[in-house]
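Summary of the model geometry
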Amino acid sequence: VQLVESGGGLVQAGGSLRLSCVVSGRTSSINAMGWYRQAPEKQRELVALIITSGGRLKYADSVKGRFTISRDNAKNTMYLQMNSLKPEDTAVYYCKAQDPPYYEYWGQGTQVTVSS
């Protein structure tokens, strides 16, 4: 399984970005996909998660109401729409696919920088 993110960049506070994660390979056993982020000198944290069977969603409290995770199965792509961005959202954003019970796959990351 390969994951490739895109869509990061530099944006002013209050602005929006949409991240994309294209998934390829053996995807039939993936049961969850998510977006994570890691700011400098901080641990990687979950931003948003989608359970592929049933579509249940989960968001970090810090992004609820501002970020939306979604999938387009026809395009094998997962998205993260980020609105009302804040400087504290600045981080490298990664997508991850979970293939239980042993495997998880990560993308290479895309930088998001929010200026004040």
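These remarks concern the structure in this document. No experiment lies behind these values; they were computed from the predicted model shown.

What follows covers the state of the cysteines. All chains considered together, the criterion is met by one disulfide. A disulfide bridge connects Cys21 with Cys95, and the sulfur atoms are separated by 2.1 Å. A torsion of 60 degrees about the S-S bond marks the disulfide between Cys21 and Cys95 as right-handed. Pair noted here: Cys21 is in strand S3 (residues 17–24) and Cys95 is in strand S9 (residues 91–99), with a separation of 74 residues, a long-range link. On the basis of relative accessibility, which here comes to 0%, the residue Cys95 falls in the buried class.

Assignment of secondary structure puts Asn83 in the loop between strand S8 (77–82) and S9. Separated by 70 residues in sequence, Asn83 and Ala13 place their C-alpha atoms 9.5 Å apart. With near-sequence residues (within four places) excluded, Asn83 lies in contact with Gly15, Ser16, Arg66 and Phe67.

What counts, and where the lines are drawn
Residues numbered from 1 in each chain as written. Predicted model: local features only at pLDDT ≥ 70, side-chain atom pairs only at ≥ 80, totals over all residues. Heavy atoms only, no water. Disulfide = S-S within 2.5 Å. Helix = DSSP H or I, 4+ residues; strand = E, 2+ residues; numbered from the N terminus. Buried < 20%, exposed > 50% of the residue type's maximum accessible area, 1.4 Å probe, protein only. Contact = heavy atoms within 4.5 Å.

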